[in-house]
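# Architecture and fold: a report
Chain by chain, the residues run as shown.
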Amino acid sequence: MQNVNPTIDESWKQILSDQFGASYFLQLKEFLIEEKTKYKIYPPGPQIFAAFDLTPFDKVKVVILGQDPYHGPGQAHGLCFSVPGSIEQPPSLQNIFKELNNDLGIPIPRQGNLQKWAVQGVLLLNATLTVRAHQAGSHQNKGWELFTNAAIARLSKHREHLVFLLWGNYAIAKEKLIDENRHLILKSPHPSPLSASRGFFGNKHFSKTNAYLRSHGIQEIDWKLD
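Please read these numbers as outputs of a predicted model, since none were measured by experiment.

Moving on to the side chain of Asn95. For Asn95, the position within the fold is in helix α5 (residues 91-104). Residue contacts for Asn95: discarding those within four places in its chain leaves Pro191, Ser192, Pro193, Ala196, Phe200 and Phe201.

See below:
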């Protein structure tokens, strides 16, 4: 069986090497090749693995789990909840910033690019890494979830004292992949406008994350973006 050799950070390529030769990953690659002949796919190819490239395996401190890339033009760039600086902030991201302000007093950022978090060790991981333009969920159950589940499970097994932020039922379902004796798991409703007022606001996950990191002698995250 032919291995797929994706352009991805070397530390992740090593820890997930068996996944790239798995039959599901080869089928996923064929699916994406076929999709690109018919549809616009987001994010652009070089940014599909951006979360992994910006946050190498041994540098991860915090994991934030999203579900799908944004499916509007110019929005998705490989980091969950994040958009390039020139793009209007989506509602869920606006609510994340409101909670950040409420929790730590950090001013609401003027732009929504979360790369600064990623390079400090915040893995901004969508469960599904691609999407068809204007069709939310269109690449779910095609194999990506198996790949990202493997990434979560190996972080849990081979690292310690990570913080996993699980926002909403979809992310909370990933809890079974994480060893709660080795890591901190923080759960709340999703930051979307439909559910943010039911417990996302006031969850204080940003300050709780830094308190946990600090207690284990790990450099805190500077959540300020501007």
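Moving on: the sheet that holds strand β6 (residues 184-188). Strand order in the open sheet formed by four strands is β3-β2-β5-β6, and the pairing between neighbours is parallel. In the strand order of this sheet, the two ends are held by β3 (122-126) and β6, each with one partner. For this sheet, the mean angle separating the axes of adjacent strands, direction not counted, is 20 degrees.

Right, let's get into the packing of α5 against helix α9 (residues 205-215). Between α5 and α9, whose axes approach to 8 Å, the crossing angle comes to 60 degrees. As the angle between them shows, α5 and α9 are arranged oblique. On α9, the residues touching Ile96, Glu99, Leu100, Asp103 and Leu104 of α5 are His205, Phe206 and Ser207. Its residues assigned to classes, the contact of α5 with α9 comprises four nonpolar, two polar and two charged.

Time to look at the pattern of salt bridges. Tallied over the entire structure, the rule returns seven salt bridges. The residue Glu34 makes a salt bridge to Lys38 at a minimum N-O spacing of 3.2 Å. Of this pair, Glu34 and Lys38 both sit in helix α3 (residues 23-38), four residues apart, roughly one helical turn. Residue class for Lys38 comes out exposed when judged on its relative accessible area of 54%.

Attention shifts here to the pairing of strand β2 (residues 62-66). Summarising burial for β2: five of the five residues are buried, a large majority. Of the two faces of β2, both are covered, the one formed by Val62, Ile64 and Gly66 as well as the one formed by Val63 and Leu65. Strand direction decides the pairing type here: β2 and β3, joined by five bridges, are parallel. Residue pairing for β3: Val62 is matched across the bridge by Val122. Both β2 and strand β5 (residues 163-167) contribute to a ladder of three bridges, which runs parallel.

Our focus in this paragraph is the layout of surface pockets. Estimated volume of the largest pocket: approximately 580 Å³. Those elements that place two or more of their residues in the lining of the largest pocket are β2, α5 and α8 (169-172). For the lining of the largest pocket, the leading source of residues is α8, giving three residues. Each residue belonging to the lining of the largest pocket can be placed in one class, and the counts come to 15 nonpolar, 15 polar and one charged. Estimates place the volume of the second largest pocket at around 280 Å³. Together, 15 residues line the second largest pocket, and Pro6, Lys29, Leu32, Ile48 and Phe49 are the ones closest to its centre. Sort the elements by how many residues they give to the lining of the second largest pocket and α3 lands first, with six residues.

In this section: the packing of α3 against helix α7 (residues 144-158). Look at α3 against α7: their axes get within 9 Å of each other, and the N-to-C directions meet at 130 degrees. Our classification of the angle between α3 and α7 gives oblique. Our pair here, α3 against α7, has a crossing hand that is left-handed. When α3 is examined against α7, the residues Tyr24, Phe25, Leu28 and Leu32 are found in contact with a partner set consisting of Trp144, Leu146 and Phe147. Here the contact of α3 with α7 is built from residues that sort into seven nonpolar, no polar and no charged.

Quick look at the packing of aromatic side chains now. This model, assessed by the stated rule, comprises 19 aromatic pairs. When the centroid spacing of 4.9 Å and the interplanar angle of 85 degrees are considered together, the rings of Trp12 and Phe52 count as edge-to-face. Note that Trp12 is positioned in helix α1 (residues 10-15) and Phe52 in helix α4 (residues 50-54), a separation of 40 residues in sequence. The exposure classification of Trp12 matches that of Phe52, with both residues buried. Ring-pair connections join several aromatic residues into one group, and the members of that group are Trp12, Phe20, Tyr24, Phe25, Phe49, Phe52, Phe57, Trp144 and Phe147. Across from the ring centre of Tyr39, 3.8 Å away, lies the NZ or CZ of Arg132, which sits over that ring.

What counts, and at which threshold
- Residues numbered from 1 in each chain as written.
- Predicted model: local features only at pLDDT ≥ 70, side-chain atom pairs only at ≥ 80, totals over all residues.
- Heavy atoms only, no water.
- Helix = DSSP H or I, 4+ residues; strand = E, 2+ residues; numbered from the N terminus.
- Contact = heavy atoms within 4.5 Å.
- Pairing = 2+ DSSP bridges.
- Axes fitted to C-alpha atoms, helices over the stretch in contact; angles between N-to-C directions.
- Parallel < 35°, antiparallel > 145°, perpendicular 65-115°, else oblique.
- Nonpolar A, V, L, I, M, F, W, Y, C, P; charged D, E, K, R; others polar.
- Salt bridge = Lys/Arg side-chain N within 4 Å of Asp/Glu carboxyl O.
- Buried < 20%, exposed > 50% of the residue type's maximum accessible area, 1.4 Å probe, protein only.
- 1 Å grid on protein atoms, 1.4 Å probe; cavity = no way out; pocket = protein on both sides within 12 Å on 5 of 7 lines; lining within 4 Å.
- Points joined across faces, edges and corners; volume = space filled by probe spheres on them.
- Left-handed = near helix turned anticlockwise from the far one by under 90°.
- Phe/Tyr/Trp six-rings, centres within 6.5 Å; stacked < 30°, edge-to-face > 60°.
- Lys NZ or Arg CZ within 6 Å of the ring centre and 35° of its normal.

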